[in-house]
Amino acid sequence: MQQAPRISASSYSNTAPLIWSFLYGSNRGKYEMILDNAPARSAELLANKRVDAALVPVIAYQLIEDLRLIPNVCVGAKEKVKSVCLVTKGEELEQVRTVSLDISSKTSVALTKIIFREFLGFEPIWKDSKPNVEKMLAESDCALLIGDPALAIADLSEPSALADGITLRKFDLAELWKSYTGFGFVFAMWMANFEKVETAKEIDFAHARNEGLQHLDEIIANYESEIRLPHQEFHKYLTENISFTINDSMQKGLELYFSLAYKNGLIEECKPLNFA
C-alpha cells in the first residue's frame, strides 16, 4: 500500500485557511498532516526530507538546498499584516537600543534586522526570547512578536497606556516594509524538495486554500477562545489583512527581501525564485 504524502504546517490562525481542507474538508485523509506551533519546526522537517511539502517561513527557501516554491499560494500581506509586529514601551523605533526577538520565525527576525539596518540606519542589540511581551519588554526596549501572540495586542499606532499602567506602541512589520519599499510582503509559502516536486504537484494547494476560505466562520470558532478577537475583527484579519494569494507587488517584495537579506549577511546566497 502506497504511503500517503506527508505535509507540515504551523497551527497559527493565519495558516488555518490553507490547511482546513486537509484537516476537515475534501482532502481529509488523503495526506498525513503534521502540525506544530512553531513555523521553524516545519522548516526543520522539510530540511530533513521528512515531509513531501511544508508551509514554511520564506527564508527557508534560501537556507535549505534544492527547494521549489509552490506557486500562487502564500501567507502574506499587501498592506498591513497585524500579526507580525514590533512593540515598544511607547518609544519610536529610532529610540530603541535593545530588541527581544521571538525566534519562532527566521523570516520575521531577518525582516526586523533589515528594517533597522537598511531603513532606520542603526543596529540595536538583539536578544533571543520566548514570545511573552511582558518578559521581553522587561529586558529590552522593543519586542518582536509573531503570529497569534502579536494578534493579542491591540493596534496601538500611538503610545497607549494599558489598564495596568504599562504604555505600549505597536509597529506592523508589513506596514513598515510597505512604507519603505512600496511592496507587499510574503511571510510563508508551501515548498517542496526538488525530488518531491512531482508528489507536491499532485496536491492542489490552491483549491485547498479556496475551500478553507469558504469556511472562515468555522476556522474563527476554533481560535476564538485562544485569541479573543471579536468575530468581525477576526474575519477582517483573515480576509483583508492576510493575503493567501501572491500578487506582483508581493513577489517583487519577496525578491527584494531576499536581496537585502543577502546584502546584510543574513543568508549566504540569494537564489532566484524557482517554482514547482
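Parameters and conventions
Residues numbered from 1 in each chain as written. Predicted model: local features only at pLDDT ≥ 70, side-chain atom pairs only at ≥ 80, totals over all residues. Heavy atoms only, no water. Helix = DSSP H or I, 4+ residues; strand = E, 2+ residues; numbered from the N terminus. Contact = heavy atoms within 4.5 Å. Core = buried A, V, L, I, M, F, W, Y, C linked by side-chain atoms within 4.5 Å. Buried < 20%, exposed > 50% of the residue type's maximum accessible area, 1.4 Å probe, protein only. Pairing = 2+ DSSP bridges. Phe/Tyr/Trp six-rings, centres within 6.5 Å; stacked < 30°, edge-to-face > 60°. Lys NZ or Arg CZ within 6 Å of the ring centre and 35° of its normal. Salt bridge = Lys/Arg side-chain N within 4 Å of Asp/Glu carboxyl O.

Asks: Sorry, what's going on with the side chain of Ser 13 here?
Replies: For Ser 13, the location among the structural elements is in the loop between strand 1 (6–10) and helix 1 (16–23). With sequence-adjacent residues up to four places away left out, Ser 13 is seen in contact with Asp 148, Leu 151, Tyr 223, Ile 227, Phe 234, Tyr 237 and Leu 238.

Asks: How should the nonpolar core be read in this particular structure?
Replies: Burial of nonpolar side chains together is a common tendency in soluble globular proteins. Residues Phe 22, Leu 86, Leu 93, Met 189, Trp 190 and Tyr 257 are the most contacted members of the largest nonpolar core, which totals 86 residues. In terms of residue count, the dominant contributor to this core is strand 11 (residues 185–193) (8 residues). In this structure, Tyr 257 is in contact with Val 58, Ile 59, Lys 106, Thr 107, Ala 110, Leu 111, Ile 114, Trp 177 and Phe 185, ignoring residues within four places of it in sequence. With 10 residues, the next largest nonpolar core counts Val 133, Ala 150, Ile 153 and Leu 168 among its residues.

Asks: Is there a simple way to think about the pairing of strand 10 (residues 167–172) in this case?
Replies: Consecutive side chains of a regular strand alternate in pointing toward one face of the sheet and then the other. Counted residue by residue, strand 10 has 5 buried out of 6 residues, so it is predominantly covered. Inspection of the sheet shows strand 5 (residues 84–88) paired to strand 10 by 4 bridges, in the antiparallel sense. Residue pairing in the sheet places Thr 88 in a bridge with Arg 169 of strand 10.

Asks: Is there a simple way to think about unusual backbone geometry in this case?
Replies: If a residue is not glycine, its phi is most likely negative; likewise, a peptide bond is most likely trans. The backbone of Asp 66 shows a phi angle near 55°, a positive value even though the residue is not glycine. Position of Asp 66 relative to the elements: it lies in the loop between helix 3 (60–63) and strand 4 (67–77). For Lys 82, which is not glycine, the phi dihedral falls at a positive 75°. Exposure remark for Lys 82: the relative accessible area of 8% places this residue in the buried category.

Asks: Help me out: how do you make sense of the packing of aromatic side chains in this one?
Replies: The description of an aromatic ring pair rests on the distance of the ring centres and on the angle between the ring planes. Counting across every chain of the model gives 16 aromatic pairs. On the numbers, 5.4 Å between centres and 75° between planes, the contact of Trp 177 with Phe 185 is edge-to-face. Residue Phe 185 is classed as buried on the basis of its relative accessible area of 1%. Taken together, the aromatic side chains of Tyr 61, Phe 119, Trp 177, Tyr 180, Phe 185, Phe 187, Tyr 257 and Phe 258 make up a single cluster linked through ring pairs. When the ring centre of Phe 122 is taken as origin, the NZ or CZ atom of Arg 97, which lies over that ring, is 5.0 Å away.

Asks: Sorry, what's going on with the pattern of salt bridges here?
Replies: For side chains bearing opposite charge, pairing can occur when the charged atoms are close. A complete count under the given rule lists 11 salt bridges for this structure. In this structure, the salt-bridge partner of Lys 49 is Glu 195, at a minimum N-O distance of 2.8 Å. One end of the pair, Lys 49, is in the loop between helix 2 (39–47) and strand 3 (53–57); the other, Glu 195, is in the loop between strand 11 and helix 8 (197–201), and 146 residues separate them in sequence. In this structure, Lys 263 and Glu 118 form a salt bridge, with 3.1 Å as the shortest nitrogen-oxygen distance. Residue Lys 263 is found in helix 12 (residues 248–263), and its partner Glu 118 is found in helix 4 (residues 106–120); the two are separated by 145 residues along the sequence. In this structure Lys 263 comes out as exposed when scored by relative accessible area, which is 58%. Taking the relative accessible area as the measure of exposure, Glu 118 reaches 26% and is therefore partly exposed.

Asks: Explain helix 1 to me, please; I cannot follow it from the model alone.
Replies: Structural remark: α-helix, 3.6 residues per turn; residues separated by three or four positions point the same way. Taken across its 8 residues, helix 1 has 7 buried, putting it largely inside the fold. Looking at helix 1, one finds that the buried residues are Ala 16, Pro 17, Leu 18, Ile 19, Trp 20, Ser 21 and Phe 22.

From the geometry alone we can't say anything about function, so treat these as descriptive.
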